[in-house]
Amino acid sequence: MSNSLLSLKDVHANIHQYNILHGVNLEVPKGEVTMLLGRNGAGKTTTLRTIMGLWQAHAGTIELAGMDVTRQPTAQIAKQGVGYVPEDMGIFSDLTVEENMRLAAVSAPLSQERMDRIFLAFPPLKTFWHSAAGNLSGGQKQMLSIARAMAEERQLYLIDEPTKGLAPAIINTMAAALSELKAKGATILMVEQNFEVAKYLGDHCAVMEDGKIIWTGPMNELAQDNELQERLMGLNMEAS
Amino acid sequence: MSTAPQHNPTLGQASLKDRFAPYIPIALVPLLMLVGMVAIQAPSSWMTLTVSGLAMGMMIFIMASGLTLVFGLMDVINFGHGAFVSVGAFIGISILLSLGALTGAPSLFLNILAILAAIVGAMIGAGALGWAFERVIVKPVYGAHLKQILVTMGGMIVVEQLILVLWGPDEIFINRPEALKGAFIFLGAAVEKYRLLAVVFGLGIFFAMRWVLRHTKIGLIVRAGVENGEMVKALGYPLRLVFISIFIAGSALAGLGGVMWGLYQEVITAHMGGNLMVLVFIVVIIGGLGSVEGCFIGALLVGLLQNYVGFLDPKLALVSNIGLMVLILMWRPQGMVPVVRAK
Ligand SMILES: Nc1ncnc2c1ncn2[C@@H]1O[C@H](COP(=O)(O)OP(=O)(O)O)[C@@H](O)[C@H]1O
Ligand SMILES: [Mg+2]
């Protein structure tokens with residue numbers, strides 16, 4: 001694909017002595033949302049961490065906007081405009097919400113306009129601006145984690161299970177905020193276990209199994225094909 | 001950019017116990033003083049010992065503060081930290097001995113000028129040694145604790161031998177600068193001038209450090225890095241560079257502690273740093289690995305206990321501090337001020 005912002009070619013990665021990714025091929029088109037799906041332990045988180053350089057790819061290449069970033073240190077990759085929301089949210093709990101945001105704004109202090117946009121999407125962050133982030137609820141921590149990724153101009157967002165363990169009302173807030181981000185033209189690679197959210201936000205979809213991508217295609221194609229879902233992910237769709 | 005929220009937020013009512021919990025460690029310091037007063041009885045001895053204990057605590061804090069951050073940031077256990085104390089002491093004291101005109105004058109200003117020169121030299125020397133130590137000895141063993149312990153201890157032995165080569169095998173005795181000799185009589189108790197200066201100086205360093213950690217960007221990065229270094233990198237900060245800077249700063253502070261300790265004891269030896277490491281490690285552990293505030297409180301407790309027990313029964317001084325460590329770890333296994341760490 002020529003409009004790919006991020007492309008992984010035959011990426012292999014180890015965690016300690018274990019072989020986790022065995023040749024991941026993935027294209028993330030610019031300006032669209034790509035959903036990374038798959039069973040627990042399929043290697044989705046490992047894929048995002050490898051893109052961030054938190055695990056080393058020992059074979060294959062990772063290209064960001066045409067540049068080889070495979071061996072770049074994590075900080076360097078981040079500086080090229082990659083916002084990362086890790087699965088565990090990576091909140092600095094000893095720091096206040098304000099300090100978390102201040103750290104996230106690496107290249108320039110947060111502008112009022114950007115803060116307004118963030119507060120509009122996540123009102124609790126404004127309320128608890130000067131509270132220790134460790135005292136926030138799970139949903140508020142997730143908001144802060146996404147808000148941190150939004151603190152800078154980004155060309156790519158990597159978001160790992162932003163709705164994990166959240167109450168339905170908060171999942172809606174999260175989905176709305178991400179949808180807003182998408183409407184602004186952001187490129188997003190997102191891991192999501194909640195299929196409703198995946199359907200709602202995703203343009204494209206890649207399904208992982210055992211350290212490989214086993215299926216890619218438009219999100220709505222997967223969404224309409226229950227048999228395919230069953231086969232790829234063993235999803236049993238709850239009534240909703 | 002710190003716009004205040006428009007209304008008063010609450011985060012749910014914390015229980016009374018939770019709200020007081022953070023202040024318990026600092027309350028232990030006056031509590032220990034009180035216990036000391038009861039045990040020692042003679043108020044003038046108690047006063048002398050308390051000032052002496054606080055002075056000792058401040059100096060141990062200065063030596064230990066870098067070590068706790070180095071551990072917090074990169075999980076590096078540096079058993080060679082004592083080398084920086086010794087090297088700082090030898091460089092600083094050599095400078096001081098060469099400035100006899102300043103130290104011999106009965107002017108507090110000139111004396112302090114000489115001490116400042118010694119401190120600057122010691123910090124530069126110890127900091128430079130720290131930089132080399134990190135590159136040559138620590139960097140190859142990131143992530144491997146057992147190797148870290150072995151090679152850093154080895155590194156310290158090498159540095160101690162180098163001191164013996166450069167300065168000779170004998171201990172060096174020193175006289176304190178004129179204006180810092182002797183004691184004040186305060187409420188009938190003799191309070192050595194130098195100890196008072198050490199307390200003031202230590203407090204200044206602690207509050208300066210706290211200010212940097214709380215109010216500067218580099219301070220935020222360090223605090224965030226202690227909790228979750230990966231996330232600091234993922235935001236775009238070169239964690240390794242931050243770590244090296246902290247390692248160098250911590251070594252420089254250890255060197256500063258060495259000069260102060262030398263002036264306190266009025267003698268320096270190549271092994272002084274290594275000998276002090278037992279107390280320094282106790283302080284770092286009971287404070288909570290990675291916590292500068294815990295380290296400070298721990299150092300004061302250890303300094304006070306060492307002096308009180310040393311007065312009552314000198315043989316028990318070190319044992320009592322090991323006992324203190326055991327008690328505190330039974331109460332709070334992560335140390336008095338536990339630091340949240342993601343890994
Ligand atoms: N730190 C780790 N150490 C060892 N194995 C790990 C580690 N992290 C993940 N794994 C293993 O890697 C595989 C992929 O994990 P992960 O990428 O987290 O899966 P997913 O995010 O798709 O649920 C799993 O088998 C998991 O057990
Ligand atoms: Mg995962």
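Given the structure is predicted, the values throughout are model-derived calculations rather than measurements. (Residues numbered from 1 in each chain as written. Chains lettered and ligands numbered in written order. Predicted model: local features only at pLDDT ≥ 70, side-chain atom pairs only at ≥ 80, totals over all residues. Heavy atoms only, no water.)

## Points about the overall build of chain A
Argument step 1. Within chain A, the regular secondary structure consists of 10 helices and 10 strands.
Argument step 2. Compactness check: chain A gives a C-alpha radius of gyration of 17 Å against a globular reference of 18 Å for 240 residues, within 12% of the reference.
Argument step 3. Overall size of chain A, expressed as C-alpha extent along the three principal axes, is 45 × 45 × 35 Å.
Argument step 4. Buried residues in chain A amount to 56% of all 240 residues.
Argument step 5. Considering only contacts within chain A whose residues lie at least 6 apart along the sequence, 68% involve residues at least 24 apart.
Argument step 6. Of the roughly 10,000 Å² of accessible surface on chain A, 49% is carried by carbon and sulfur atoms.
Argument step 7. With 20 positive and 27 negative side-chain charges, chain A shows a separation of 4 Å between the mean positions of the two kinds. (Helix = DSSP H or I, 4+ residues; strand = E, 2+ residues; numbered from the N terminus. Rg over C-alpha atoms; globule rule 2.2 N^0.38 Å. Buried < 20%, exposed > 50% of the residue type's maximum accessible area, 1.4 Å probe, protein only. Contact = heavy atoms within 4.5 Å. Areas by Shrake-Rupley, 256 points an atom, 1.4 Å probe, with all protein chains shown as cover. Lys, Arg positive; Asp, Glu negative; His and termini not counted. Charge placed at Lys NZ, Arg CZ, Asp CG, Glu CD.)

## Focus on the coordination of the magnesium ion (ligand 2)
Residues and elements named next belong to chain A.
Argument step 1. The coordination sphere of the magnesium ion (ligand 2) contains the protein donors Thr45 (OG1) and Glu87 (OE), at a distance range of 2.0 to 2.6 Å. Of this pair, Thr45 sits in helix 1 (residues 44-51) while Glu87 sits in the loop between strand 6 (82-85) and helix 3 (97-104); the two residues are 42 residues apart in sequence, bridging distant segments of the chain.
Argument step 2. For Thr45, a relative accessible area of 23% corresponds to the partly exposed category. (Donors = N, O, S within 2.8 Å, 3.2 Å for Na, K, Ca; no water.)

## So, the packing of aromatic side chains
Argument step 1. Overall, the coordinates contain 12 aromatic pairs over all chains when judged by the stated rule.
Argument step 2. On the basis of an interplanar angle of 85° and a centroid distance of 5.1 Å, the ring pair of Phe119 of chain A and Trp129 of chain A is categorised as edge-to-face. Of this pair, Phe119 of chain A sits in helix 4 (residues 112-121) while Trp129 of chain A is found in the loop between helix 5 (123-127) and helix 6 (138-149), placing the two residues 10 residues apart along the sequence.
Argument step 3. Here Phe206 of chain B and Phe207 of chain B contribute two aromatic rings whose centre-to-centre distance is 5.1 Å and whose plane-to-plane angle is 65°, an arrangement assigned as edge-to-face.
Argument step 4. According to the relative accessible area criterion, Phe207 of chain B is partly exposed, its value standing at 45%.
Argument step 5. Each residue in the set Phe84, Phe133, Tyr142, Phe243 and Phe247 of chain B is aromatic and connected to the rest through ring pairs, giving one cluster. (Phe/Tyr/Trp six-rings, centres within 6.5 Å; stacked < 30°, edge-to-face > 60°.)

## Brief notes about the interface of chain A and chain B
Argument step 1. The partner chain B presents 28 residues to the 35 residues of chain A that form the contact.
Argument step 2. Both faces considered, chain A and chain B share a buried interface measuring about 2,900 Å² in area, 63% of it formed by carbon and sulfur atoms.
Argument step 3. The largest contributions to the chain A side of the interface with chain B come from Phe92, Arg102 and Leu103 of chain A, which together make up 20% of the buried area.
Argument step 4. On inspection of chain A and its partner chain B, the count reaches 2 salt bridges.
Argument step 5. For Glu230 of chain B, the salt bridge goes to Arg49 of chain A, with nearest N and O atoms at 2.7 Å.
Argument step 6. Counting residues per element, the ones that place at least two in the side of chain A that touches chain B are helix 2 (74-79), strand 6, helix 3, helix 4 and helix 5 of chain A.
Argument step 7. Looking at which element gives the most residues to the side of chain A that touches chain B, the answer is helix 3 of chain A, with 5 residues. (Buried area = accessible area lost by both parts, 1.4 Å probe. Salt bridge = Lys/Arg side-chain N within 4 Å of Asp/Glu carboxyl O.)

## Topic: the site of ligand 1
Residue and element names in this part refer to chain A.
Argument step 1. For ligand 1, the full set of nearby residues is Ile15, His16, Ile20, Arg39, Asn40, Gly41, Ala42, Gly43, Lys44, Thr45 and Thr46.
Argument step 2. The separation between an oxygen atom of ligand 1 and a polar main-chain atom of Ala42 is 3.2 Å.
Argument step 3. A distance of 3.0 Å separates an oxygen atom of ligand 1 from a polar atom in the backbone of Gly43.
Argument step 4. Considering ligand 1 on its own, with 560 Å² of exposed area, one finds that the protein chains cover 63% of that surface.
Argument step 5. In terms of residue class, the shell around ligand 1 is built from 3 nonpolar, 6 polar and 2 charged. (Near = heavy atom within 4 Å. Polar contact = N/O pair within 3.5 Å; in protein donor to acceptor, adjacent residues only side chain to side chain. Nonpolar A, V, L, I, M, F, W, Y, C, P; charged D, E, K, R; others polar.)

## Details of the domain arrangement of chain A
Residue and element names in this part refer to chain A.
Argument step 1. When its domains are assigned, chain A resolves into domain 1 (4-81 + 154-233) and domain 2 (92-152).
Argument step 2. The straight-line distance from the C-alpha centre of domain 1 to that of domain 2 is 23 Å.
Argument step 3. Taken together, the contact pairs 13 residues of domain 1 with 14 residues of domain 2.
Argument step 4. Between domain 1 and domain 2, roughly 1,100 Å² of surface is buried when both sides are summed, and carbon and sulfur atoms account for 73% of that area.
Argument step 5. Taken as a group, Arg154, Met174 and Ala177 account for 40% of the area that domain 1 buries against domain 2, more than any other trio of residues on that side.
Argument step 6. In this assembly, domain 1 and domain 2 are joined by 0 salt bridges.
Argument step 7. The greatest single-element share of the side of domain 1 that touches domain 2, amounting to 6 residues, is contributed by helix 7 (residues 168-183).
Argument step 8. Its residues assigned to classes, the side of domain 1 that touches domain 2 comprises 8 nonpolar, 1 polar and 4 charged. (Domains from an automatic or database assignment.)

## Notes on the pattern of salt bridges
Argument step 1. Following the criterion strictly, the structure yields 17 salt bridges over all chains and no others.
Argument step 2. In this structure, the salt-bridge partner of Glu87 of chain A is Lys164 of chain A, at a minimum N-O distance of 3.1 Å. Placement of Glu87 of chain A in the loop between strand 6 and helix 3 and of Lys164 of chain A in the loop between strand 7 (156-160) and helix 7 is noted, with a sequence separation of 77 residues between them.
Argument step 3. Residue Glu87 of chain A is classed as partly exposed on the basis of its relative accessible area, which comes to 26%.
Argument step 4. With a closest N to O distance of 2.6 Å, Glu153 of chain A and Arg114 of chain A form a salt bridge. Of the two residues, Glu153 of chain A sits in the loop between helix 6 and strand 7 while Arg114 of chain A sits in helix 4, which places them 39 residues apart along the sequence.
Argument step 5. For Glu153 of chain A, a relative accessible area of 63% puts it in the exposed group.
Argument step 6. Given a relative accessible area of 13%, Arg114 of chain A falls into the buried group.
Argument step 7. Sharing partners across several salt bridges, the network here consists of Arg176, Glu192, Arg195 and Glu266 of chain B.

## Let's talk about the packing of helix 8 (residues 193-215) of chain B against helix 9 (residues 217-227) of chain B
A pair of packed helices can be characterised by two numbers: the angle between their axes and the separation between those axes.
Residue and element names in this part refer to chain B.
Argument step 1. Between helix 8 and helix 9, the shortest axis-to-axis distance is 5 Å and the interhelical angle comes to 85°. Relative to helix 9, the element helix 8 is oriented roughly perpendicular. Residues Val212, Leu213, Arg214 and His215 of helix 8 lie in contact with helix 9, whose contacting residues are Lys217, Ile218, Gly219, Leu220, Val222 and Arg223.
Argument step 2. Classifying every residue of the contact of helix 8 with helix 9 by side-chain character gives 5 nonpolar, 2 polar and 3 charged. (Axes fitted to C-alpha atoms, helices over the stretch in contact; angles between N-to-C directions. Parallel < 35°, antiparallel > 145°, perpendicular 65-115°, else oblique.)

## Notes on the confidence of the model for chain A
Argument step 1. Looking at chain A, the pLDDT average stands at 93 and 97% of residues meet or exceed 70.
Argument step 2. Scored below 50 in pLDDT, residues 236-240 of chain A shows 4 contacts in the model against residues more than four places distant or in partner chains. (pLDDT = per-residue confidence, 0-100.)

## Thoughts on the side chain of Arg49 of chain A
Argument step 1. Along the chain, Arg49 of chain A turns up in helix 1.
Argument step 2. Note on Arg49 of chain A: relative accessible area 13%, which makes it buried.
Argument step 3. With near-sequence residues (within four places) excluded, Arg49 of chain A lies in contact with Leu54, Trp55 and Tyr84 of chain A together with Glu230 of chain B.

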